[in-house]
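# Reading the structure
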Amino acid sequence: MRIYLDYNATTPLAPEVVDAVVSTTRELFGNASSVHHFGQQAKGAIDDARAAVAALLAANPFEIVFTSGGTEADNLAIRGAAEALEATGRRHLVASAIEHEAVLNTLKALARRGWRTTLVPVGQTGIVEPGRVREAVGDDTALVSVMHANNEIGTIQPIAEIAAIAHERGALMHTDAVQTVGKIPVDVKALGVDLLACSAHKLNGPKGAGALWVKSGTRMQPILTGGKHERNRRAGTENIPALVGFGVAARLAAAKMPAEAARVGALRDRLEEGILRQVPGTVVNGARESRVPNTTNISFERVEAESLLIALDLQGIAVSTGSACSSGTLEPSHVLRAMGFSAHRTQTSLRFSLGLFSTEAEVDRVIEVLPAIVEKLRGLTKKTRQAAAING
Ligand SMILES: Cc1ncc(COP(=O)(O)O)c(C=O)c1O
């Protein structure tokens, strides 16, 4: 039995999505910019996908710019807005310290080109305090970027309040909603943002498809230069099968949303409570009240997270030490560090993220095998320490 509990890294495709991607790949090979029948068929398929993604965000279809994924959508939001606003003299960007690398490294790149950047600190709740954003934003701020939910700990941010603060100072507001779209209701108007990024592969859609919602009238420069695709906002021949798959995934997510969020939330709580009860020395990272329903991040005292991850993998259970981009390295999570946790806490934390195919039997299996694995690893650490003491 293989158990996948890493849905925040990526999700398996829904069967309906696989069917749509396969049939589109086979049948709709036309270039959507072509005027002939083949092109128009492809264009029709993209329009349909655009309507589905727009509906999921309670947005207008013409405000959706399809991209290659969340990373590109974040880049387009930040670089596109920065370039459009450069001439106004606004040369300052604000983001939270717990953003995804797609945002943080884009800010770093712009800082090298002379932009001033401010990262808003976050406490141990993992929730950005609007007051701290107010302190950071000035009259020269072009854009504020705060993620809707954090990918490592799942905490949901007070985006509407932060957007209001950004707007008071005349700045644009971007939110990276890659970890919320498809999991919880996302309404661009209720959030009050100007830009919102999402990604198909986080909602049982294919990789290589994402979207940036751009509020009508927002000043933006494209970051890819080329043809007139996506109303001059993103050049390049569209990846029709991936976008069609995105549309199908969006419709499925919308249809299943309240029931699926409740089901996955109950499984996550069962897992979390089971672990806290069965494994001594465990604690949840971040506020438990305001979180996406599928995520928990737990610290296992005196257990190296990487060793635990490998031990679980050997038992057929896939989890993560944080963002996928940093897995494979021993670098502690920048999110947990930014929250002010000790090096020990950051190095002993694992993320469990559930989704569409998660079951109660899987959760129970994890709760069953974890205590012995943790005890064994703690024993090994103790023995290594004792051996080191004797040898030293
Ligand atoms: C919060 C967040 N933003 C952006 C991304 C990047 O999205 P993509 O993998 O589609 O480029 C991810 C993916 O891990 C994410 O979790």
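Rules used in this analysis
- The written sequence of each chain sets the order in which its residues are numbered from 1.
- Only residues with pLDDT of at least 70 get local features here, since the model is predicted, and only at 80 or more are side-chain atom pairs given and counted; chain-wide, interface and lining totals rely on the full set of residues.
- Here the side-chain values reflect all heavy atoms present in the structure, with hydrogen atoms and water set aside.
- Numbering of helices and strands runs from the N terminus, with a helix taken as a DSSP run of H or I at least four residues long and a strand as a DSSP run of E at least two residues long.
- In this treatment the radius of gyration is a C-alpha quantity, and the globule benchmark scales as 2.2 Å times the residue count to the 0.38 power.
- A simple rule labels every residue: compare its accessible area, found with a 1.4 Å probe on the protein chains alone, to the largest value its type can have, and call it buried under 20%, exposed over 50%, or partly exposed in between.
- Throughout, a contact is declared for two residues whenever any of their heavy atoms are within 4.5 Å.
- When charges are counted, Lys and Arg are positive and Asp and Glu negative, with His and the chain ends excluded.
- By convention, the charge on Lys lies at NZ, on Arg at CZ, on Asp at CG and on Glu at CD.
- Expected helix span is given by 1.5 Å per residue-to-residue step, counting one fewer step than there are residues.
- The term salt bridge refers to a side-chain nitrogen of Lys or Arg lying within 4 Å of a carboxyl oxygen of Asp or Glu.
- A pair of strands is labelled paired if DSSP reports no fewer than 2 bridges between them.
- Here the axes come from fitting lines to C-alpha atoms, over the contacting stretch only for helices, and the angles between their N-to-C directions go from 0 to 180 degrees.
- Annotation comment: domain bounds sourced from an automatic or database domain assignment.
- Two parts placed together each lose some accessible area; with a 1.4 Å probe, that loss summed over both constitutes the buried area.
- Distance and chemistry together define a polar contact, namely a pair of N or O atoms within 3.5 Å, with one atom able to donate a hydrogen and the other to accept it when in protein, and with adjacent residues in sequence counting only for side-chain atoms on both sides.
- Each residue receives one of three labels: charged for Asp, Glu, Lys and Arg, nonpolar for Ala, Val, Leu, Ile, Met, Phe, Trp, Tyr, Cys and Pro, and polar for the others, Gly being one of them.
- As used here, the term nonpolar core means buried Ala, Val, Leu, Ile, Met, Phe, Trp, Tyr and Cys residues forming a set that is joined through side-chain atoms within 4.5 Å.
- When we say a residue is near a molecule or strand, we mean one of its heavy atoms is within 4 Å of it.
- Here, Shrake-Rupley sampling with a 1.4 Å probe gives the accessible areas, and only protein chains in the shown set may cover a residue.
- Two aromatic rings, drawn from Phe, Tyr or Trp (for Trp, its six-membered ring), form a pair once their centres lie within 6.5 Å of each other, and the interplanar angle then sorts them: stacked below 30 degrees, edge-to-face above 60, tilted otherwise.

## Thoughts on the overall build of the protein
In terms of regular secondary structure, the protein is built from 13 helices and twelve strands. Relative to the compact-globule value of 21 Å for 392 residues, the protein shows a C-alpha radius of gyration of 22 Å, a close match. Overall, the protein is about 75 × 50 × 35 Å in size when its C-alpha atoms are taken along their principal axes. Split into buried and exposed, the 392 residues of the protein put 57% on the buried side. Counting contacts in the protein only where the partners sit at least 6 residues apart, residues at least 24 apart contribute 75% of the total. Distance between charge centres in the protein, computed from 42 positive and 40 negative side chains, equals 3 Å.

## Considering helix α4 (residues 101-112)
Look at α4: 16 Å from first C-alpha to last across twelve residues, which is about the 16 Å you get at 1.5 Å a residue. When α4 is considered as a whole, its buried residues turn out to be Glu101, Ala102, Val103, Leu104, Thr106, Leu107, Ala109 and Leu110. Tucked into the core, α4 has its buried residues touching α3 (70-85), β3 (92-96), β4 (116-120), β5 (141-145), β6 (172-176) and α11 (334-338). Count one or two residues on from α4 and you reach glycine 114, which has phi positive near 100°.

## A short note on the pattern of salt bridges
Any two side chains of opposite charge can pair if their charged atoms end up close together. What the rule picks out here adds up to 19 salt bridges. In this structure, arginine 2 engages aspartate 313 in a salt bridge whose closest nitrogen and oxygen atoms are separated by 3.9 Å. With arginine 2 in the segment before β1 (3-4) and aspartate 313 in helix α10 (residues 305-314), this residue pair connects regions lying 311 residues apart in the sequence. Arginine 2 gets classed as exposed once you look at its relative accessible area, which sits at 65%. Residue classification places aspartate 313 among the partly exposed positions, given a relative accessible area of 39%. Note that arginine 268 and aspartate 269 form a salt bridge whose closest N and O atoms lie 2.9 Å from each other.

## Comments concerning the sheet that holds β4
Reading across from one edge, β2-β8-β7-β6-β5-β3-β4 is the order of the seven strands in this open sheet, with mixed pairing throughout. Strands with a single pairing partner mark the edges of an open sheet, and in this sheet they are β2 (64-67) and β4. Recorded for the sheet is a direction-independent mean angle of 20° between the axes of neighbouring strands. In this structure, β6 lies alongside strand β7 (residues 195-199), joined through three bridges in parallel fashion. Considered in β7, the bridge of histidine 174 is made with leucine 195. Where helix α2 (residues 37-56) meets the sheet, its contacts fall on β2 and β8 (210-214), and the angle it forms with β2 comes to roughly 115°. Along the sheet, α4 contacts β3, β4, β5 and β6; its crossing angle with β3, the most-contacted strand, is approximately 155°.

## What about the domain arrangement of the protein?
As assigned here, the protein comprises domain 1 (3-8 + 257-391) and domain 2 (15-252). Measuring from the centre of the C-alpha atoms in domain 1 to the corresponding centre in domain 2 gives 29 Å. Contacts between the two partners involve 28 residues from domain 1 and, on the opposite side, 30 residues from domain 2. Buried surface at the junction of domain 1 and domain 2, summed over both partners, amounts to about 2400 Å²; 58% is from carbon and sulfur atoms. When the buried surface of domain 1 facing domain 2 is broken down by residue, Met257, Val292 and Met339 rank first, second and third, together holding 25% of it. Here domain 1 and domain 2 share twelve residue pairs in polar contact (both at pLDDT 80 or more) between them. Contributing elements (two or more residues each) for the side of domain 1 that touches domain 2: α9 (240-278), β10 (295-300) and α11. Ranked by the residues each element gives to the side of domain 1 that touches domain 2, the list is headed by α11, at four residues. For the side of domain 1 that touches domain 2, the residue count by class is 14 nonpolar, twelve polar and two charged.

## What to know about the nonpolar core
Membership of the largest hydrophobic core comes to 64 residues, with the highest contact counts inside it found for Leu57, Phe66, Val144, Met173, Val181, Leu196 and Phe246. With ten residues, α9 is the single largest residue contributor to this core. By size, the runner-up hydrophobic cluster in this structure holds 29 residues, among which are Leu309, Ile373, Val374 and Leu377.

## Some thoughts on the site of the ligand
As a matter of local geometry, the ligand sits amid 13 residues, with Gly70, Thr71, Asp176, Ser199 and Lys202 nearest to it. At 2.6 Å from an oxygen atom of the ligand is found a side-chain nitrogen or oxygen belonging to serine 199. With the chains in place, 87% of the 400 Å² that the ligand exposes on its own is no longer accessible. Ranked by residue count, the leading element in the shell around the ligand is α3, at three residues. Counted by class, the shell around the ligand contains two nonpolar, eight polar and three charged residues.

## Quick word on the packing of aromatic side chains
Within this structure, the stated rule accounts for four aromatic pairs. Between phenylalanine 29 and phenylalanine 38 the ring centres are 5.4 Å apart and the planes differ by 40°, which places this aromatic pair in the tilted class.

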